[in-house]
Amino acid sequence: MPAVFEAMEKRSHEEVVFCHDENSGLKAIIAIHDTTIGPALGGCRMYPYSSEADALRDVLRLSRGMTYKASIANLNLGGGKAVILGNSKTGKSELLFRSFGRFVEGLSGRYITAEDVGTSVKDMEWVRMETGYVTGISRALGGSGDPSPVTAYGVYVGMKAAVKKATGKDSLSGLKVAVQGLGHVGYHLCKNLAEDGVTLVVTDVDKDALKRASSEFNAQVVAPDEIYDTDADVYAPCALGATINDDTLNRLKCHIIAGAANNQLETESAHGPRLAEKGILYAPDYAINGGGLINVANELEGYNRDRAFKQTEGIYDTLMRIFTLAEDENIATYIAANRVAEQRMEALSRLKNIYLPRQNPMSKRDHK
Ligand code: NAD
């Protein structure tokens, strides 16, 4: 039995809920990391973990990440995550997700769920039959649908901030960007970049995705492993995590890293500072790829796509703030990002120092 309280204490988690339902076979863990700024929002992952300890470790790590991601995106949300222990190819059923939905409902809004690795919009529609505390529903049902175009737009404006910081230029025109991964986000990012007159070098393991990018954007195609050696101004990882590691760090020729992938640095404490030493400006992953979270958060207030895009433009200023802090304090940009996120949480936690008398039932706060 893993030492749950010890693990919670280590990263300051508020609440961990173990959910079990014999009828559906559900075994799930919901972790609420921090609700200082608002309810904990984070996706529900379904994965065949090799042990319960692994599942717990993952949900604790991921939920903490969501706290930072929501804070840096200037959302009024905290961080949470759920994991369902099981095989997403063979273990899904209506009953499973509806029983999960009932556990979410039982938390009365302290945790809001969404799709994640191994779960889909369809699964969330089952969850929605049991609880309103779910987001990332299809457009057809009044939800926000695929977040990828918004994520890609956030990466595009974040890249502009990085280019401004590194070169003083306001435009991306004439630059060369190496994009790794042409999936949901990578494709839309290429579209934004091509419209700005960027020269694209792309890679993917999917031949059809490569064909589409080369014909639509006149992109130069390279083999998956060659992307690291590409002589480009910007490297945009939009496929896998941990692509900045001991091997690739010595090969990268870019001046900027700005992409959508999660957990880009294999080891933050080792590779973050080494990028700075090499003179590469790194746009911290969870700050630049927050458009998707901003998109689903918008759904909570009644989805408006234009508003989601507009709010995502804030990523430019956030990155500028991170870059300036990193420069002023001579710290790696990922550390600066953590500080900016923590400063907001700290400042907002003090809001509660202002005493509010019992709420009028018609006041704005009670309607939220
Ligand atoms: P996706 O699965 O649609 O696309 C990933 C692409 O990468 C696929 O085309 C795949 O073939 C390609 N790929 C896989 N292995 C590769 C390799 N070795 N070399 C080159 N290409 C490879 O995923 P996505 O939704 O576009 O997300 C991309 C990344 O961004 C992921 O890391 C994801 O976690 C992160 N992210 C996505 C969103 C979002 O809104 N979709 C939000 C935040 C973060």
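Details of the structure are given in the entry above.
Here the structure is a predicted model, which means the values were calculated and not measured. (Residues numbered from 1 in each chain as written. Predicted model: local features only at pLDDT ≥ 70, side-chain atom pairs only at ≥ 80, totals over all residues. Heavy atoms only, no water.)

J.: Lay out the environment of D204 with the relevant residues and their values.
T.: Mapped onto the secondary structure, D204 falls in the loop between β8 (199-203) and α7 (207-217). Its relative accessible area of 15% is what places D204 among the buried residues. Separated by 49 residues in sequence, D204 and K253 place their C-alpha atoms 19 Å apart. Those residues in contact with D204, other than ones at most four positions away along the chain, are G181, L182, G183, A209, L210 and P224. A polar contact is formed between the side chain of D204 and the backbone nitrogen of L182, at a distance of 2.7 Å. A polar side-chain atom of D204 sits 2.7 Å from the main-chain amide nitrogen of D206. (Helix = DSSP H or I, 4+ residues; strand = E, 2+ residues; numbered from the N terminus. Buried < 20%, exposed > 50% of the residue type's maximum accessible area, 1.4 Å probe, protein only. Contact = heavy atoms within 4.5 Å. Polar contact = N/O pair within 3.5 Å; in protein donor to acceptor, adjacent residues only side chain to side chain.)

J.: Let's hear about the site of the ligand: which residues, and what values?
T.: The local shell around the ligand holds 19 residues, among which T151, H184, V185, D204 and N262 are the closest. Between S148 and the ligand, the recorded distance is 3.3 Å, taken from a side-chain N or O atom to a nitrogen atom. Within the backbone of A239, one N or O atom sits 3.2 Å away from an oxygen atom of the ligand. Protein chains shield 71% of the accessible area of the ligand, which is 840 Å² for the free molecule. (Near = heavy atom within 4 Å. Areas by Shrake-Rupley, 256 points an atom, 1.4 Å probe, with all protein chains shown as cover.)

J.: Would you mind going over the sheet that holds strand β11 (residues 256-257) in detail, with residue names and values included?
T.: In any sheet, the strands associate via hydrogen bonds between backbone groups, in a parallel or an antiparallel arrangement. Read from one edge to the other, the open sheet built from six strands follows the order β9-β8-β7-β10-β11-β12, with strand pairing classed as parallel. Each edge of the open sheet carries a strand with a single partner, namely β9 (220-221) and β12 (281-282). With two bridges joining them, β11 and β12 adopt parallel strand pairing. The partner of I256 across the bridge, within β12, is L281. Lying on the sheet, α7 is in contact with β8 and β9; it crosses β8 at an angle near 170 degrees. (Pairing = 2+ DSSP bridges. Axes fitted to C-alpha atoms, helices over the stretch in contact; angles between N-to-C directions.)

J.: An account of the side chain of T151 is needed here, citing residue identities and associated values.
T.: As for its position among the elements, T151 is in helix α5 (residues 148-167). On the accessibility criterion, T151 (9% relative accessible area) is buried.

J.: Please provide a residue-by-residue account of the nonpolar core, values included.
T.: Counting 54 residues, the largest nonpolar core has V179, L193 and L200 as its most contacted members. Those residues in contact with L200 that sit more than four places away from it in its chain are V177, V179, C190, L193, A194, F217, A219 and Q220. Grouped together as the second largest cluster of nonpolar side chains are 22 residues, V17, A82, L96 and M124 included. (Core = buried A, V, L, I, M, F, W, Y, C linked by side-chain atoms within 4.5 Å.)

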